[in-house]
Structure formats: C-alpha cells, structure tokens
Amino acid sequence: RVLYDFVHGKHLYVDDLVTTAASRSQGWGARLLGCAEKKAASLGCKSLRLCTGSENAAGKRFYAREGWQERAVVFKKRLK
C-alpha cells in the first residue's frame, strides 16, 4: 500500500511478505520484492518499507541480502 509521512515521503509499505516453508530458498521472496520495487517505482514512490519480527533472524538476513537496511525498532503494547 502507498503511504505518505514526513520522514519517508511517498513510499510503498509491504504489509505481508510470506512464503511457505517448502518454497523458501527458491528465489520467490526475492522475486516478490523485485515486483514490489517495480510497482513502487511506477507509482513514483521514494522508497519501500516493511516490518518483520525482531526474533525473525532468517528473515532479517534475507532482507539484508536483498539490499534492505534495518532502520527502526517498533514498539507494541497490547490493550487489556
């Protein structure tokens, strides 16, 4: 989805990038990110963003290999 804010300007936010365990390490994730990058460029976005769990070490390694930089820490608080 396309988002706008003061820090990032117009950018494409990838809400859910998931492959099945059987499909991992076959290039699907990289292809999906490539499609997202092309879409973002065609929409005039300045960048792309996504979030992953802090415990998702494999996912973080994957994103780093794909040229993404870890830039933020997200805080969450559940309501009672």
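Our structure is the block above this text.
Residues numbered from 1 in each chain as written. Predicted model: local features only at pLDDT ≥ 70, side-chain atom pairs only at ≥ 80, totals over all residues. Heavy atoms only, no water.

Trainee: Is there a simple way to think about the nonpolar core in this case?
Mentor: Generally speaking, a soluble globular protein has its nonpolar side chains buried in company with each other. Counting residues in each nonpolar core, the largest one holds 10 residues, listed as L12, V14, L33, A36, A40, C45, L50, F62, Y63 and W68. Counting residues per element, the ones that place at least two in this core are strand 2 (9–14), helix 1 (28–42) and helix 2 (57–65). The residues contacting L12, other than those within four sequence positions of it, are R1, V2, A36, A40, L43, C45, S47, L48 and R49. (Core = buried A, V, L, I, M, F, W, Y, C linked by side-chain atoms within 4.5 Å. Buried < 20%, exposed > 50% of the residue type's maximum accessible area, 1.4 Å probe, protein only. Helix = DSSP H or I, 4+ residues; strand = E, 2+ residues; numbered from the N terminus. Contact = heavy atoms within 4.5 Å.)

Trainee: Which parts of the structure should I look at to understand the side chain of H11?
Mentor: Examined against the element boundaries, H11 turns out to sit in strand 2. With a relative accessible area of 0%, H11 lands in the buried category. Of note is the side chain of H11, whose polar atom sits 2.9 Å from the backbone oxygen of G9. Of the polar contacts made by the side chain of H11, one reaches the side chain of R49; its length is 3.1 Å. With near-sequence residues (within four places) excluded, H11 lies in contact with R1, V2, L3, Y4, D5, C45, S47 and R49. (Polar contact = N/O pair within 3.5 Å; in protein donor to acceptor, adjacent residues only side chain to side chain.)

Trainee: Would you mind going over the pattern of salt bridges with me for this structure?
Mentor: Any two side chains of opposite charge can pair, so long as their charged atoms come close to each other. Across all of its chains, the model carries two salt bridges by this definition. For the salt bridge of D15 with R1, the shortest nitrogen-to-oxygen distance reads 2.8 Å. Of this pair, D15 sits in the loop between strand 2 and helix 1 while R1 sits in the segment before strand 1 (2–5), and the two are 14 residues apart along the sequence. On the accessibility criterion, R1 (51% relative accessible area) is exposed. (Salt bridge = Lys/Arg side-chain N within 4 Å of Asp/Glu carboxyl O.)

Trainee: What exactly am I supposed to notice about the packing of aromatic side chains here?
Mentor: Centre-to-centre distance and the angle between the planes together describe a pair of aromatic rings. Going through the model one piece at a time under the given rule, you end up with two aromatic pairs. An aromatic cluster is defined as three or more aromatic residues linked by ring pairs; in this entry it consists of F62, Y63 and W68. If you follow R31 out to its NZ or CZ, it ends over the ring of W28, 4.6 Å from the centre. (Phe/Tyr/Trp six-rings, centres within 6.5 Å; stacked < 30°, edge-to-face > 60°. Lys NZ or Arg CZ within 6 Å of the ring centre and 35° of its normal.)

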